[in-house]
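# Understanding the architecture of this molecule
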Amino acid sequence: MSHKDARRPLRLARPIAACALGLAVAVGGFAAPASAADTVNLTGVILGVGADETQRMVSWYSSGDTTQAVEVAPAASVKDGEFPASAKSFSAVGGANIASSGGYNRNATITGLAENTSYSYHVGSEGNWSKAYTFKTQDFDGDYDFLFLGDPQIGASGNVAKDQAGWADTLAVATKANPDAEILVSGGDQVETANTETQWDAFLAPDQLRSIPWAATIGNHDVGGKAYEQHMAVPNNDRSGAYYSNGNPSSNTSGGDYWYIYKDVLFIDLNSNSYATSQGGGGDEAHLGYVTDVINKHGNEAKYKVLVYHHAIYSPASHAKDSDAKVRRVDFPTTFSKLGVDLVLQGHDHAYTRSYLIKNGEKADAAERPGAENVYPGPGGVLYVTANSASGSKYYGITAPDNSGTSGAGNGADPLNPGNYWYNSVQNQENTRTYVKVKVRSDELVVENIRSETNVGSTVDKVTVHPYHGEGQEIQVKVPKAAPGEFGWTIDGKNGLVDMGTAQDKDGKYLGATGTINPIAVTDTRSSQAPWSISASVGDFKDGDKTFSGSYLGWTPEVAQAGAGAKAGAEVDSGLDGGDGLSVSRTLGQADQGHEKGEGKLSADLDLKIPSSVETGSYRATLTITALSS
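Scoring rules and cut-offs
- Counting from 1, residues in each chain are numbered in the order their sequence is written.
- Per-residue local features of the predicted model are confined to residues with pLDDT of at least 70, and side-chain atom pairs are confined, for both listing and counting, to 80 or more; whole-chain, interface and lining totals are unaffected and use all residues.
- The side-chain quantities take in all heavy atoms of the structure and omit both hydrogens and water.
- Runs of H or I in DSSP of at least four residues are treated as helices and runs of E of at least two as strands, each being numbered from the N terminus.
- A radius of gyration in this sense is built from C-alpha atoms; the matching globule rule multiplies 2.2 Å by the number of residues raised to 0.38.
- Burial classification: accessible surface area is computed with a 1.4 Å probe over protein chains only, and a residue below 20% of its type maximum counts as buried, one above 50% as exposed, and the rest as partly exposed.
- Only heavy atoms enter the contact rule, under which two residues are in contact if any of them lie within 4.5 Å.
- Accessible surface is estimated by sampling points in the Shrake-Rupley manner with a 1.4 Å probe; for residues, cover comes only from the protein chains shown.
- For the purpose of counting charges, residues Lys and Arg are taken to be positive, whereas Asp and Glu are taken to be negative. His and the chain ends are not included.
- For this purpose, a charge sits on NZ of Lys, CZ of Arg, CG of Asp or CD of Glu.
- Grouping buried Ala, Val, Leu, Ile, Met, Phe, Trp, Tyr and Cys residues that are joined through side-chain atoms within 4.5 Å yields what is termed a nonpolar core.
- UniProt positions are given in the numbering used here, feature names are shortened, and annotations may be inferred rather than shown by experiment.
- As a rule, the C-alpha atoms of each element are fitted with a line to give its axis, helices using only the stretch in contact, and angles between N-to-C directions run from 0 to 180 degrees.
- Comment on the angle field: the value is read as roughly parallel under 35 degrees, roughly antiparallel over 145, roughly perpendicular from 65 to 115, and oblique elsewhere.
- Left-handed describes a crossing in which the near helix is turned anticlockwise from the far one by less than a right angle; the clockwise case is right-handed.
- Under the scheme applied, nonpolar residues are Ala, Val, Leu, Ile, Met, Phe, Trp, Tyr, Cys and Pro; charged residues are Asp, Glu, Lys and Arg; polar residues are all the others, including Gly.
- Here, strands pair whenever DSSP counts at least two bridges between them.
- In this context, the arc is that of the directions from the helix axis out to the C-beta atoms.

## Digging into the overall build of the chain
- In terms of helices and strands, the chain carries 6 helices and 40 strands.
- Against the 2.2 N^0.38 benchmark of 25 Å for 630 residues, the chain shows a C-alpha radius of gyration of 33 Å, more extended than a compact globule.
- Oriented by its inertia axes, the alpha-carbon framework of the chain measures out at about 115 × 65 × 45 Å.
- Within the chain, buried positions represent 53% of all 630 residues.
- For the chain, long-range pairs separated by at least 24 residues make up 73% of all intrachain contacts whose partners lie at least 6 apart in sequence.
- Summed over all atoms, the accessible surface of the chain reaches about 25,600 Å², with 47% contributed by carbon and sulfur.
- For the chain, the separation between the mean place of its 50 positive charges and that of its 73 negative charges on side chains is 4 Å.

## Looking at the nonpolar core
- Core analysis: the largest hydrophobic core is formed by 60 residues, its most contacted members being Val185, Phe203, Trp214 and Phe267.
- Contact partners of valine 185, with chain neighbours within four places excluded, come to Phe146, Leu147, Phe148, Leu149, Ala215, Tyr260, Phe267, Val308 and Leu345.
- Of all hydrophobic cores here, the second largest spans 33 residues; its members include Met500, Trp532, Phe541 and Leu582.

## What to know about the UniProt feature "domain: Calcineurin-like phosphoesterase" (unreviewed entry) in the chain
- In this numbering, the UniProt entry assigns the feature "domain: Calcineurin-like phosphoesterase" (unreviewed entry) to residues 146-352.
- Taken end to end, residues 146-352 comprises 30% helix and 16% strand; its first and last C-alpha atoms sit 17 Å apart.

## Side note on the packing of helix H1 (residues 160-177) against helix H2 (residues 197-204)
- Packing of H1 against H2 brings their axes to within 9 Å, and their N-to-C directions diverge by 25°. Judged on the interaxial angle alone, H2 and H1 are roughly parallel. The hand of the H1/H2 crossing is right-handed. Touching Val160, Gln164 and Trp167 of H1 are Thr198, Gln199, Ala202 and Phe203, all from H2.
- A breakdown of the residues in the contact of H1 with H2 according to their chemical character gives 4 nonpolar, 3 polar and no charged.

## Focus: the environment of isoleucine 46
- If you trace the backbone, isoleucine 46 turns up in strand E2 (residues 42-49).
- Apart from residues lying up to four places away in sequence, isoleucine 46 is in contact with Met57, Val58, Ser59, Phe203, Leu204, Leu209, Arg210, Trp214, His231 and Met232.

## Quick notes on the pairing of strand E26 (residues 434-441)
- In terms of burial, E26 is a largely internal element, 6 of the 8 residues being buried.
- Pairing between strand E11 (residues 144-149) and E26: 5 bridges, direction antiparallel. If you follow phenylalanine 146 over to E26, its bridge partner there is valine 438.
- Bridge count for E26 against strand E27 (residues 444-451) is 8 bridges, and the pairing is antiparallel. Looking at E27, one finds that arginine 441 is bridged to glutamate 444.
- The antiparallel pairing of E26 with E27 creates a hairpin that spans 2 residues between the two strands.

## Regarding the sheet that holds strand E16 (residues 304-311)
- Taken together, 7 strands build an open sheet; the order of strands is E14-E15-E16-E17-E22-E18-E25 and the sheet is mixed. Across the chains shown, the open sheet's two edge strands, defined by having one partner strand only, are strand E14 (258-262) and strand E25 (424-428). Shown here is a sheet whose adjacent strand axes are inclined to one another by a mean of 15°, direction ignored.
- Relative to strand E22 (residues 383-386), strand E17 (residues 343-347) runs parallel, the two sharing 4 bridges. Within E22, the position partnered with leucine 343 by the bridge is leucine 383.
- Helix-sheet contacts for helix H4 (residues 283-298) involve E14, strand E15 (265-269) and E16, and the interaxial angle to E15 is about 160°.

## Examining helix H5 (residues 323-331)
- What H5 keeps buried is the set Asp324, Ala325, Arg328 and Arg329. For H5, the angular spread of the buried residues around the axis is 140°, confining them to a single face. Those residues of H5 that are exposed and aimed more than 90 degrees away from the buried face are Ser323 and Val330.
- Buried residues belonging to H5 abut H4, E16 and helix H6 (333-338).

Structure, rendered in structure tokens:
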């Protein structure tokens, strides 16, 4: 049994008061609560990633321009949708939507999350909250899985309801098969038409988007309006003109690059719609500067570096030979190789592709076989993956290699598999919805493309990437999380009554009685070696309507059995000799920070001095024990 603040009565006589039990949990970093507001409609709620695993961002639409917030509490404390007084509030920011969207957008960042905890949250303001949603955190380090989903592009088929149904089914199938997947990574193109809210409503309909963080990526169908920015809040967002295709963040376009670290992975997400300075923005050069800067500053904080952007540079279908793809295919790979990027996730071509390992824009190892199950990047090898459609709204057929070359920016055939482009180890188009599962492990990345409709759950492709560790030998050891251990205490023995017998006259000065409390057994196996203390106080002694003060009871604590770092508290005199005796809380024993683990026992000799004026009777009082630990 563990305690942070526990009280338990040790019965000296007939109990006169119930024990008190309290727990205190603090979560810091909260902003002021939202103020009361007029009733507004709250729609489009979506849970996003934060700067790290301790954060989440929440975005939503509001029909009114009022002060709002997201309110969060451990799910176990929310009863029938009612949040406790201890719920934490995070202030929202936002502004007016563009005219075609109407209303207002809001977003807030939840910070200070704890590991392995289910949380409930709602958005709005006092008296006008949305329904409650739930998400859970898991371990903040170690192995984990995430899912990569390509081009839902709701509306691309011309039938929004059909696209929504396919999208919802893929999310349902994928999250059911992978209930512990921790984030959903976007390949871009959430919708077909940037500012069409009926398409956004369909995209946002699945509840998985409110329980698992969505790491948004902007696609070419999202960029032509502000709705993407209104719906999607992302951390560490740089919305400088350089990261907009037209160089103008205030125009009716969306853009920006951002990054975050989730456990062992540094994710960097780029707006690949900006790729040439002739468009007005900073183009590929600006993105490369951004990636270089982020990796130089934060690359050592994570084990893997994963880039995400929409426009695939190694893909097999309609966009494989696009002129802009050829530009990026020249601009990006060498820098990615030099920076030690492990994996690049892309969309746009609506067909699945796994590249060979690419180094400086060329196949890193000429001997790598098509469809190899294990690959070894060596220095500079990068794996590029293009996701298929996750909604089934649109598929592109695989095209044939041409004669424009077999290296660099060319689109020639693979000498080992002439039907494929030279850069692709695997190409697949079955006109079947799929998603990509990525397992992040201590010494490998496992990438698997999985069907989500026909032959649901079957694997299209799977590859294990074994990272490069240099020319020498690295030594790895996995250090498990230390068992948290417990702190607790019990009354040693079953008899909760301490009988002090009949008080004896002490030379006519007072009536005296002595005794010894039942020992208190303390167990502390916590790895934190945090300090603890056991204290106690006694109420008045009573016999019917007769009473005398508990202050007349004093004690001399002792360590009955050494262990758990136990040290005895100070002696306390009976109040008859002056003072308050045990009528106020007194320390029975304690241990300092860094104390030894184990079990000890505390005891105390009691010294009761009763004024001779007290009426005869059989009196009892309750000694209330309080344990404190940090």
